[in-house]
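Single-letter residue listing:
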Amino acid sequence: MKTLTIGNQQVTRVGLGCMGMSDFYGPADDQQSIDVIRHALDVGVNMLDTADMYGPWRNEQLLGKAIKGKRDQAFVATKFGVMRDESGAFLGINGSPEYVRKACDDSLKRLGVEHIDLYYQHRVDPNTPIEDTVGAMKDLVKAGKVKYIGLSEAHPDTIRRAQSVHPISALQTEYSLWTRDPEQAHIPLCKELGIAFVAYSPLGRGFLSGGIQSTENLDPNDYRRSAPRFSGDNFAQNKQLVDAMAERASAYGCTTAQLALAWLFAQAGHVMAIPGTTKRHRIDENLAALSVNLSHSDVVALNELAPLGAAAGTRYDERGMTTVNR
Ligand code: ATR
């Protein structure tokens with residue numbers, strides 16, 4: 001099954017994460033990124049994922065430019081709730097109804113679209129009841145500004161409360177061979193409630209492709225230089241995991257990145273992934289992961305290779321960890 005259904009739309013289970021085209025992973029070339037996005041649409045990768053805070057704001061503008069003339073092919077997903085200033089500094093999380101309304105109007109303008117296909121709350125605001133935030137999102141659906149609504153990094157109890165206000169169409173959460181926590185409660189809950197599970201950082205921010213040999217080769221402004229799993233002894237320990245994955249991948253005749261994605265698709269039919277890339281050929285490579293068929297015993301072997309907690313280091317720094325699973 002290469003697609004899943006969100007509302008009345010078919011979405012390819014490999015989407016495209018656009019964040020790295022404008023932020024966090026060092027500089028990227030806008031024209032090249034536009035070409036990558038357009039190529040993705042041409043080959044059938046239709047979910048394009050962004051957020052107002054990426055750039056900040058520039059990533060939505062870039063996506064808006066890229067989909068001009070191709071709007072009908074794209075399933076546009078964006079997010080609100082993490083506030084930043086012009087310099088990129090984080091200002092906090094806001095899920096108040098007034099903020100939701102303004103953020104949506106601003107995103108529509110930057111994207112140059114009449115509606116957003118999937119609008120997520122990026123991080124749950126502990127100071128606003130989820131019912132109030134989702135109530136405001138529901139009004140956006142009624143107004144025709146948003147088709148479907150989603151949550152990101154929400155706790156299972158929060159998801160249930162949200163769902164009682166309006167159907168939640170997608171949950172976006174980090175999930176990969178080095179972040180298996182969502183298997184405990186989130187993935188089964190999404191299945192029960194008919195929610196698509198959208199795995200972000202399915203390649204462990206590039207690490208699980210085997211392509212990152214050292215953080216020294218990363219751009220000086222690349223945030224991964226200071227990310228716990230890429231730092232000090234953790235890097236060396238995690239490298240052993242990805243080296244073992246690379247061995248399996250060559251036995252299966254696929255790339256390590258494809259193995260990481262194929263493992264994820266083998267988990268359940270309602271799981272999809274949005275790997276990020278700034279390279280055209282990697283769109284094709286990642287899409288082809290849908291054709292890598294892992295047997296049940298292959299999946300079991302990978303599960304044993306990378307059990308829950310196998311990765312050294314937390315997935316975010318201390319501040320970042322306080323914003324997830326709320
Ligand atoms: P995120 O959700 O943060 O974008 P991810 O999808 O786990 O994280 O990984 C994104 C990283 O993987 C990017 O740095 C991307 O690098 P490029 O922009 O240079 O492509 C890298 N990446 C994506 N697909 C890849 C592939 N097939 N092989 C190797 N690296 C890949």
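Small disclaimer: the values here were computed from a predicted structure and weren't measured. (Residues numbered from 1 in each chain as written. Predicted model: local features only at pLDDT ≥ 70, side-chain atom pairs only at ≥ 80, totals over all residues. Heavy atoms only, no water.)

Caption draft 1: Main features of the packing of helix α7 (residues 232-252) against helix α10 (residues 296-305). Where α7 meets α10, the axes come as close as 11 Å, and the angle between the chain directions of the two elements is 165°. Judged by the inter-axis angle, α7 sits roughly antiparallel to α10. Crossing hand, α7 versus α10: right-handed. Where α7 approaches α10, its residues Leu241, Ala244, Met245, Arg248 and Tyr252 are matched on the opposing element by Asp298, Ala301, Leu302 and Leu305. Split into classes, the residues belonging to the contact of α7 with α10 amount to seven nonpolar, no polar and two charged. (Axes fitted to C-alpha atoms, helices over the stretch in contact; angles between N-to-C directions. Helix = DSSP H or I, 4+ residues; strand = E, 2+ residues; numbered from the N terminus. Parallel < 35°, antiparallel > 145°, perpendicular 65-115°, else oblique. Left-handed = near helix turned anticlockwise from the far one by under 90°. Contact = heavy atoms within 4.5 Å. Nonpolar A, V, L, I, M, F, W, Y, C, P; charged D, E, K, R; others polar.)

Caption draft 2: Just the state of the cysteines, in detail. Applying the stated criterion across every chain yields a total of zero disulfides. For the unlinked cysteine Cys18, the closest cysteine sulfur is that of Cys104, found at 18 Å. (Disulfide = S-S within 2.5 Å.)

Caption draft 3: Structural view of the site of the ligand. In the vicinity of the ligand lie 19 residues, with Tyr25, Thr277, Thr278, Lys279 and Arg282 positioned nearest. Between the ligand and Leu203, the relevant distance is 2.8 Å, taken from an oxygen atom to a main-chain nitrogen or oxygen of the residue. In isolation the ligand offers 640 Å² of accessible surface; the protein chains occlude 89% of this area. Of the residues belonging to the shell around the ligand, the class tally is six nonpolar, eight polar and five charged. (Near = heavy atom within 4 Å. Polar contact = N/O pair within 3.5 Å; in protein donor to acceptor, adjacent residues only side chain to side chain. Areas by Shrake-Rupley, 256 points an atom, 1.4 Å probe, with all protein chains shown as cover.)

Caption draft 4: Spatial organisation of α10. Of all the positions in α10, only Asp298, Val299 and Leu302 are classed as buried. End-on, the buried residues of α10 take up no more than an arc of 95°, which puts them together on one face. Residues His296, Ser297 and Glu304 are exposed on α10 and point more than 90 degrees away from its buried face. In this structure, the buried residues of α10 make contact with α7 and α8 (256-265). (Buried < 20%, exposed > 50% of the residue type's maximum accessible area, 1.4 Å probe, protein only. Arc of directions from axis to C-beta.)

Don't take any of this as a statement about function, it's just geometry.
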